[in-house]
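Observations on the model geometry
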Amino acid sequence: MIRSFCLAFALALFVTRSDAEDWGAYQIVSVSAPEFVLEAVGGTNEGDVVSVNQPNNAANQKWIIQPKGEGWFWLMPSSQPTLTLTVTNGETKTGAKITIEKDNKSDAQRWSLTKQDNGSYAIEPKHAPGMGLDHFGGKKEPGAKVDLWQQKPGDGHLQWFIR
């Protein structure tokens, strides 16, 4: 009986692991401006804003992707993994600011990662279905705004490569 249970448990772990993505610390790259990566500006303080910048291999440009269950994830800057990507004040409107904040048990800190046909991901907050992480206008300039925007299939501003 114990042997059967152990075998079933080991098999369940194998099946679960083989279907899961191998998440760790990654750069999140804008599809609309692939020369830029997602950056927690400053990257160490609660409330630091999130924008895009040219990659420099800094810890505030690398993100730890941590599963939180049921297809939801935390995205935490490597520079301060006690903080997580957050839609400020749990707003749901277009243009809502994205920051890094301490865990507040909010669905505004849980993100789905939906793989797109081009290999990128649409990143959507749990609290605002149909909205996504947006590289505003695909602006090709350091410090360009990252905000919340309505998901549109094929919109490169709402797609991110995870590398």
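1. What about the overall build of the protein chain?
On a plain count of helices and strands, the protein chain comes out with one helix and 13 strands. Secondary structure elements of the protein chain, listed N to C terminal, follow the sequence α-β-β-β-β-β-β-β-β-β-β-β-β-β. Put simply, 51% of the contacts in the protein chain that link residues at least 6 apart link residues at least 24 apart. Total accessible area on the protein chain stands at roughly 8500 Å², and carbon and sulfur atoms take up 54% of it.

2. Some thoughts on the pairing of strand E7 (residues 83-87)
In the case of a regular strand, side chains alternate between the two sheet surfaces. Within E7, five of the five residues are buried, which leaves it mostly tucked inside the rest of the structure. As paired strands, E7 and strand E8 (residues 98-102) are joined by five bridges and run antiparallel to one another. Residue pairing for E8: Val87 is matched across the bridge by Ile98.

3. Quick notes on the side chain of Asp134
Following the sequence through the fold, Asp134 ends up in strand E11 (residues 131-135). Excluding its chain neighbours within four sequence positions, the residues that come into contact with Asp134 are Lys145, Val146, Asp147, Leu148, Trp149, His157, Leu158 and Trp160.

4. Examining the nonpolar core
Counting residues in hydrophobic clusters, the biggest one holds 31 residues, and the most contacted among them are Trp63 and Leu133. The element contributing the most residues to this core is E7, with three residues. When sequence neighbours within four positions are dropped, the list of residues in contact with Leu133 reads Leu38, Leu85, Ile98, Trp111, Ile123, Val146, Asp147, His157, Leu158 and Trp160.

5. Thoughts on the packing of aromatic side chains
The full count for this structure, using the stated rule, is one aromatic pair. Both rings, one in Phe136 and one in Trp149, keep their centres 5.8 Å apart while their planes meet at 70°; by these two values the pair is edge-to-face. Of the two residues, Phe136 sits in the loop between E11 and strand E12 (146-150) while Trp149 sits in strand E12, which places them 13 residues apart along the sequence. When the ring centre of Trp74 is taken as reference, the NZ or CZ atom of Lys68 above it lies at 3.9 Å. A cation over an aromatic ring shows up here: Lys145 above the ring of Phe136, its NZ or CZ 5.6 Å from the ring centre.

6. Digging into the side chain of Thr88
For Thr88, the position within the fold is in the loop between E7 and E8. For Thr88, the side chain forms a polar contact with the side chain of Thr99, separated by 3.2 Å. Residues within four places of Thr88 in sequence aside, it is in contact with Lys97, Ile98 and Thr99.

7. As for the confidence of the model for the protein chain
In the predicted model, the protein chain carries a mean pLDDT of 88, and the fraction of residues at 70 or more is 86%. Contacts from residues 1-20, a stretch scored under 50 in pLDDT, to residues over four places away or in other chains number one contact.

8. Description of unusual backbone geometry
The backbone of Asn57 sits at a positive phi, close to 65°, despite the residue not being glycine. Residue placement: Asn57 occurs in the loop between strand E4 (50-53) and strand E5 (63-69).

9. Description of the environment of Lys139
Here Lys139 is to be found in the loop between E11 and E12. Judged by its relative accessible area of 38%, Lys139 is partly exposed. In the structure, Lys139 is positioned 87 residues away from Val52 in sequence and 9.2 Å away in space, judged by C-alpha atoms. Among all residues touching Lys139, those that are not within four sequence positions of it are Ala33 and Ala144.

Conventions used here
- Residues numbered from 1 in each chain as written.
- Predicted model: local features only at pLDDT ≥ 70, side-chain atom pairs only at ≥ 80, totals over all residues.
- Heavy atoms only, no water.
- Helix = DSSP H or I, 4+ residues; strand = E, 2+ residues; numbered from the N terminus.
- Contact = heavy atoms within 4.5 Å.
- Areas by Shrake-Rupley, 256 points an atom, 1.4 Å probe, with all protein chains shown as cover.
- Buried < 20%, exposed > 50% of the residue type's maximum accessible area, 1.4 Å probe, protein only.
- Pairing = 2+ DSSP bridges.
- Core = buried A, V, L, I, M, F, W, Y, C linked by side-chain atoms within 4.5 Å.
- Phe/Tyr/Trp six-rings, centres within 6.5 Å; stacked < 30°, edge-to-face > 60°.
- Lys NZ or Arg CZ within 6 Å of the ring centre and 35° of its normal.
- Polar contact = N/O pair within 3.5 Å; in protein donor to acceptor, adjacent residues only side chain to side chain.
- pLDDT = per-residue confidence, 0-100.

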